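Overview (structure and organization)
The residues making up each chain are set out below.
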Amino acid sequence: TSVLVALGVWLTPAFIDAIAPGFEGETRALTIRLVRILFPMAGILVLSAWCLGVLNSHGRFFLSYAAPIIWNGAMIAAMVMFGGNAPDELAVYLAWGAVAGGVLQFLVQLPSVLSLLGGFRPSLSIAIPGVRQVMRSFGPVVAGRGVVQISAYVDTAYASLIAERALAALAYGQTLYLIPVSLFGMSVSAAELPAMARATGEGGDVSSVLRERIGKGLERIAFFVVPSAAAFLMLGDVVGAALLQTGRFTAGDARYLWYVLMGASVGLLASTQARLYASGFYARKDTRTPLLFAIVRVLLGAGLAWFAGLRLPGLLGVPAELGVVGLTAASGLAAWVEFLLLRARLRREIGGIQGNRKRLATLWGAAVAAGLLGLSLKLALTHTFGAAPEAVTQWGGTVLPQPDLWPVWTALIVLGPFGVTYFGLTYAFGVPEAAAVVRRILSRRGR
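Predicted model only: the values in this text are computed from it and were never measured.

On to the overall build of the chain. What the chain contains, in helices and strands, is 17 helices and zero strands. A globule of 447 residues ought to have a C-alpha radius of gyration of about 22 Å, and the chain, at 23 Å, matches this closely. With respect to the principal axes defined by its C-alpha atoms, the chain has extents near 70 × 55 × 50 Å. A total of 447 residues make up the chain; the buried ones form 42% of that total. Of all intrachain contacts in the chain linking residues separated by at least 6 positions in sequence, the fraction that spans at least 24 positions is 79%.

Here's what the structure looks like:
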């Protein structure tokens, strides 16, 4: 890792030219400086990921996934302390804050890891079976996970050719998009992997365990991701404005971000559920199949994104900046291809995984109904308070303008009923996850 960090710092200018070819002059120079500061942080986060692996293998999930709060806290502290500086200087302080946060994220996990290990001596001796297994799996797993990240780099490169605003909106959109991916896709996959990997017995017995755990995991992921996708698609401007609309981030920027989230909603369910299928292959010590399908996803996504992001707006006669919608939608379509390939291959190997189409239709029906209620409430607020001027004039009189109201109030009035309606409808239709949430709330009230 240290060698890779050193190479990264040295080769940063080449990376920037490849990932953001549209950057020039001061923008390129500042980006190079920031990336060189952040590369050591990446190396520290590798150590943090080692802690996560140890903790997960012992069934300890909370600390490793809560530790990034400290990382984010360090960055927030840096912005609060140095917020009076010029934007370029603040960006540098923020980068150093991220490095400090990475160190704290590692250190907060280390005592628990050392207590679980009870003393250990690092070794790369290939005489140790576990080391040989890691060496065999390392390349395909890193490539399989990393190749998906390349898809984000491709989108970044295309966005830098559209406009700096498109690149900023894409970065904001990816941040919001990763919230449900991390909370529901990665968390369920991480929790299921150790249990699936420990499945023992005859081949049929192991396959039965995998089918059951993957089936249950898919249901849990869908219950939370389906309304997330619906919220991005139907109420993305409300979400973006509540979290980001302050200072230079206007109502027009929130609407532009909504377009990005519309495209991202296309592949949200596929991206999260594909991670669980990939964990199923990892549990079987098959690291090459997820890699192969991830490569297919990236190549297909790159081609689709080039056409949808850079060429399609001109063919449709719409502003070039709307090409960013094509970037995220193209990535979503590629994610569905990867998901279908993973599912088909795993079904051939372990048998059919139980899927309840009626239940999935119920989730989508409840999410759409909740989304329509949210849109109605947003229109009512717009009629009452008027439309935020930037959201209308920016795009020449767009439909469904954002209300001229403090965005947090708008979110509470719109997203609150959206969530209550979704949970209420799914509970009424007997969805187990909704019933579990209600029972948990009632039990806490009973205490």
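We now examine unusual backbone geometry. Even without being glycine, Lys 285 reaches a positive phi, approximately 60 degrees. Following the sequence through the fold, Lys 285 ends up in the loop between helix H11 (268-283) and helix H12 (288-316). Note on Lys 285: relative accessible area 58%, which makes it exposed.

Further remarks concern the packing of H12 against helix H13 (residues 323-350). A pair of packed helices is characterised by two quantities: the angle between their axes and the separation of those axes. Viewed as axis vectors pointing N to C, H12 and H13 meet at an angle of 155 degrees, and their least axial separation amounts to 7 Å. The pairing of H12 with H13 is recorded here as roughly antiparallel in orientation. Judged by the sense of rotation from one axis to the other, the crossing of H12 with H13 is right-handed. Tallied by class, residues from the contact of H12 with H13 come to 17 nonpolar, five polar and three charged.

We now examine helix H10 (residues 251-265). Along its 15 residues, H10 runs 21 Å from first to last C-alpha, staying within 8% of the 21 Å computed at 1.5 Å per residue. Within H10, 14 of the 15 residues are buried, which leaves it mostly tucked inside the rest of the structure. If you check the start of H10, you find a side-chain oxygen 3.3 Å away from the backbone N of Gly 252, and it comes from Thr 250.

Looking now at the side chain of Asn 56. Relative to the assigned elements, Asn 56 resides in helix H3 (residues 25-57). According to the relative accessible area criterion, Asn 56 is buried, its value standing at 7%. Apart from the residues within four sequence positions on either side, Asn 56 is in contact with Phe 61, Ser 64, Tyr 65, Ala 190 and Pro 194.

Another aspect to go through is the nonpolar core. One broad rule of soluble globular proteins: the nonpolar side chains tend to lie buried together. Formed by 74 residues in total, the largest nonpolar core has its most connected members in Ile 214 and Tyr 277. Element by element, the count of residues in this core is highest for helix H9 (residues 203-244), at 17 residues. Aside from chain neighbours lying at most four places away, what touches Ile 214 is Met 196, Leu 276, Tyr 277, Gly 280, Leu 346, Ile 350 and Ile 353. In this structure, Cys 51, Ala 98, Val 99 and Phe 106 belong to the second largest nonpolar core, which totals 14 residues.

Moving on, we come to a nonpolar patch on the surface. On the surface, Val 3, Leu 4, Leu 7, Trp 10, Leu 11 and Phe 15 cluster together into a nonpolar patch covering about 630 Å² of accessible area. A total of four residues in the nonpolar patch trace back to one element, the largest contributor, which is helix H1 (residues 2-10).

Before going further, it helps to spend a moment on the packing of aromatic side chains. Applying the stated criterion across every chain, the model contains eleven aromatic pairs. Measuring from ring centre to ring centre gives 5.6 Å for Phe 223 and Phe 423, while their planes differ by 70 degrees; the resulting arrangement is edge-to-face. Placement of Phe 223 in helix H9 and of Phe 423 in helix H16 (residues 407-428) is noted, with a sequence separation of 200 residues between them. A relative accessible area of 1% means that Phe 223 is categorised as buried.

Take the side chain of Ser 48 next. With respect to the helices and strands, Ser 48 occurs in helix H3. What makes Ser 48 buried here is its relative accessible area of 4%. For Ser 48, the contacting residues outside a window of four places in its chain are Gln 105, Phe 106 and Gln 109.

Thresholds, definitions, all that
- Residues numbered from 1 in each chain as written.
- Predicted model: local features only at pLDDT ≥ 70, side-chain atom pairs only at ≥ 80, totals over all residues.
- Heavy atoms only, no water.
- Helix = DSSP H or I, 4+ residues; strand = E, 2+ residues; numbered from the N terminus.
- Rg over C-alpha atoms; globule rule 2.2 N^0.38 Å.
- Buried < 20%, exposed > 50% of the residue type's maximum accessible area, 1.4 Å probe, protein only.
- Contact = heavy atoms within 4.5 Å.
- Axes fitted to C-alpha atoms, helices over the stretch in contact; angles between N-to-C directions.
- Parallel < 35°, antiparallel > 145°, perpendicular 65-115°, else oblique.
- Left-handed = near helix turned anticlockwise from the far one by under 90°.
- Nonpolar A, V, L, I, M, F, W, Y, C, P; charged D, E, K, R; others polar.
- Expected span 1.5 Å × (residues − 1).
- Polar contact = N/O pair within 3.5 Å; in protein donor to acceptor, adjacent residues only side chain to side chain.
- Core = buried A, V, L, I, M, F, W, Y, C linked by side-chain atoms within 4.5 Å.
- Patch = residues over 30% accessible without salt bridge, like charges linked within 9 Å, V, L, I, M, F, W, Y side chains within 5 Å.
- Areas by Shrake-Rupley, 256 points an atom, 1.4 Å probe, with all protein chains shown as cover.
- Salt bridge = Lys/Arg side-chain N within 4 Å of Asp/Glu carboxyl O.
- Phe/Tyr/Trp six-rings, centres within 6.5 Å; stacked < 30°, edge-to-face > 60°.

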